[in-house]
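# Structure assessment
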Amino acid sequence: MQTISENRCFGGVQGVYSHASSATGTDMTFGLFLPEEAELGSVPLLWYLSGLTCTHENAMTKAGAQKWAADHGIALCFPDTSPRGEGVANDDAYDLGQGAGFYVNATESPWAPHFRMWDYIADELPRVLTANFAIDEDRQSITGHSMGGHGALTLAMRLTGRYRSVSAFAPIANPAASDWGRKQFTAYLGADEAHWLDHDATHLMTETGFDGDVLIDQGTSDQFLPLLKPESLAAAMATRRQPGSFRLQKGYDHSYFFIASFFEEHTAFHAEALYR
């Protein structure tokens, strides 16, 4: 593992690191904020999964998240959204290829050799973190935005017992029924739609739900509402009587201004579960 940078931040350290990934067959970069408490022992971890076109850097620099994580003594991990580099497949469209991994393990050519972001986030990167930093692997929660909200919800519902809480900002809520999902799932997973359902939050909520609390914020002025399909997930939560909240925030769009406006509340939500 290589240290790219480390900066003092709200009493803790905001670092950026890279490592050779066996899951993706590439070098991967991630950001990790460690609060001051990590100097004394292991601290709980909140994952933040980013959306389309983002890298590890977007939320790390735009969301203002470190302040709230420091207040609660929580580490924050900002993974990248896809493999990158020479020899890694890509597409001219912003919503496919590098920057658009969708947190799945691709099975189709030309994506299969490197686009294994499910394995990377679910298995490899957690092992890297606990082996190298003061992270309490038994206290984890997860959040994300847009494509990252999709990833956070699907990881939380499929990895039973892994995360104590899950939240999302404007998640791609029903990708199997959306142009943000059908295009990517066909490319990465093939044409058989049955193979898509393990990565559809609305389907998973209907079938299994989450064994903890859920918090979702969606802006009412989000320019991508037809692609996100929040109403499908809200209906599935209501039908299942899933504990948690689905909040419509008047006038907010899809930007990081929206995320920064509510990250304090999301961090407090996760802190309550992580320290319960």
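Residues numbered from 1 in each chain as written. Predicted model: local features only at pLDDT ≥ 70, side-chain atom pairs only at ≥ 80, totals over all residues. Heavy atoms only, no water.

### Quick word on the packing of aromatic side chains
As a reminder of what qualifies: The criterion for an aromatic pair is that two Phe, Tyr or Trp rings (for Trp, the six-membered ring) have centres within 6.5 Å, with stacked assigned to planes under 30 degrees apart, edge-to-face to planes over 60 apart and tilted to the rest. Numbering goes from the N terminus for both helices and strands, where a helix is a DSSP run of H or I of at least four residues and a strand is a run of E of at least two. Partly exposed describes any residue whose relative accessible area lies between the buried limit of under 20% and the exposed limit of over 50%, with all areas from a 1.4 Å probe on protein chains only and scaled to the type maximum.
The tally for this structure, following the rule as stated, stands at 16 aromatic pairs. Each ring, one from Y17 and one from F133, has its centre 5.0 Å from the other, and the planes form 55°; the classification is tilted. Here Y17, found in strand β2 (residues 12-20), pairs with F133, found in the loop between α3 (117-132) and β6 (135-144); they are 116 residues apart in sequence, far enough to count as distant. Accessibility classification places Y17 together with F133 in one group, the buried group. Ring geometry for F169 against F258: centres 6.0 Å apart, planes inclined by 85°, an arrangement best described as edge-to-face. Residue F169 is located in strand β7 (residues 165-169), and its partner F258 is located in helix α9 (residues 256-274); the two are separated by 89 residues in the primary sequence.

### With respect to the packing of α3 against helix α4 (residues 147-158)
Short version of the rule: Note on method: axes are straight lines fitted to C-alpha atoms, helices fitted across the in-contact stretch only, with angles between N-to-C directions ranging 0 to 180 degrees. In these notes the angle categories are as follows: under 35 degrees is roughly parallel, over 145 is roughly antiparallel, 65 to 115 is roughly perpendicular, and the rest is oblique. Whether a crossing is left-handed or right-handed is set by the direction in which the near helix is turned from the far one by less than a right angle, anticlockwise for left-handed and clockwise for right-handed. Whether two residues are in contact is decided by their heavy atoms: any pair within 4.5 Å suffices. Throughout this entry, Asp, Glu, Lys and Arg are counted as charged residues, while Ala, Val, Leu, Ile, Met, Phe, Trp, Tyr, Cys and Pro are counted as nonpolar. The remaining residues, Gly among them, count as polar.
Running from N to C, α3 and α4 point in directions that differ by 60°, and their axes come no closer than 12 Å. Relative to α4, the element α3 lies oblique. For the pair α3 and α4, the sense of crossing is right-handed. The segment α3 lies against α4, with W118, I121 and A122 engaging T154, L155 and R158. Class assignment for the residues of the contact of α3 with α4 results in four nonpolar, one polar and one charged.

### Remarks on the nonpolar core
Rule in force here: Among buried residues, those of type Ala, Val, Leu, Ile, Met, Phe, Trp, Tyr and Cys that are joined through side-chain atoms within 4.5 Å constitute a nonpolar core.
Membership of the largest hydrophobic core comes to 88 residues, with the highest contact counts inside it found for F30, L32, L129, I142, L155 and Y188. Counting residues per element, this core draws most heavily on α3, at eight residues.

### Some details on α4
Inclusion rule: Here, expected helix span is obtained from the residue count minus one, scaled by 1.5 Å.
Over its 12 residues, α4 runs 17 Å from end to end, which matches the ideal 16 Å to within 8%, given 1.5 Å per residue. Along α4, 11 of the 12 residues are buried, which leaves the element largely enclosed by surrounding structure. Listed in full, the buried residues belonging to α4 are M147, G148, G149, H150, G151, A152, L153, T154, L155, A156 and M157.

### Here we look at the environment of D217
Where we set the bar: Nitrogen and oxygen atoms within 3.5 Å of one another constitute a polar contact, given that in protein one can donate a hydrogen and the other can accept it, and given that sequence-neighbouring residues count only through two side-chain atoms.
Structurally, D217 is set in strand β8 (residues 213-219). Residue D217 is classed as buried on the basis of its relative accessible area of 0%. A C-alpha to C-alpha distance of 9.9 Å links D217 and Y252, two positions 35 residues apart in sequence. Residue contacts for D217: discarding those within four places in its chain leaves A168, F169, A170, P171, R247, Q249, F258, F262 and H266. A polar side-chain atom of D217 sits 2.7 Å from a polar atom in the side chain of R247. At 2.7 Å, the side chain of D217 and the side chain of H266 are in polar contact.

### Looking at helix α2 (residues 65-72)
The condition that has to hold: Directions pointing from the helix axis toward each C-beta atom define the arc.
The complete set of buried residues in α2 reads A65, Q66, A69 and A70. Here the buried residues of α2 occupy an arc of 130° about the axis, which is enough to place them on one side. On its buried face, α2 sits against β1 (2-9), β2, β3 (27-34), α1 (57-62), β5 (75-79) and α9. At the C-terminal side of α2, G73 shows a positive phi close to 70°.

### Overview of the state of the cysteines
Simply put, the disulfide is a covalent bond whose two ends are the sulfur atoms of two cysteines. Note the cut-off: Put simply, a disulfide is two cysteine sulfurs that come within 2.5 Å.
Within this structure, the stated rule accounts for zero disulfides. Cysteine C9 shares no disulfide, and the gap to the nearest cysteine sulfur, in C77, comes to 15 Å. On the basis of relative accessibility, which here comes to 15%, the residue C9 falls in the buried class. C54 supplies the cysteine sulfur nearest to C77, a cysteine that is in no disulfide, at a spacing of 15 Å.

### A look at the pairing of β3
We apply this condition: Note on pairing: DSSP must find at least two bridges between two strands before they are called paired.
Summarising burial for β3: six of the eight residues are buried, a large majority. Between β2 and β3, which follow one another and run antiparallel, lie six residues, and G25 among them has a positive phi close to 70°. Pairing between β3 and β5: four bridges, direction antiparallel. Within the sheet, the bridge partner assigned to F33 lies in β5 and is L76.

### As for the packing of α2 against α9
Packing of α2 against α9 leaves a shortest axis separation of 9 Å and a crossing angle of 30°. Put simply, α2 runs roughly parallel to α9. Crossing angle aside, the handedness with which α2 passes α9 is right-handed. Along its contact with α2, which presents A65, W68, A69 and H72, the element α9 presents F263, E264, T267, A268 and A271. Along the lines of polarity and charge, the residues of the contact of α2 with α9 split into six nonpolar, two polar and one charged.

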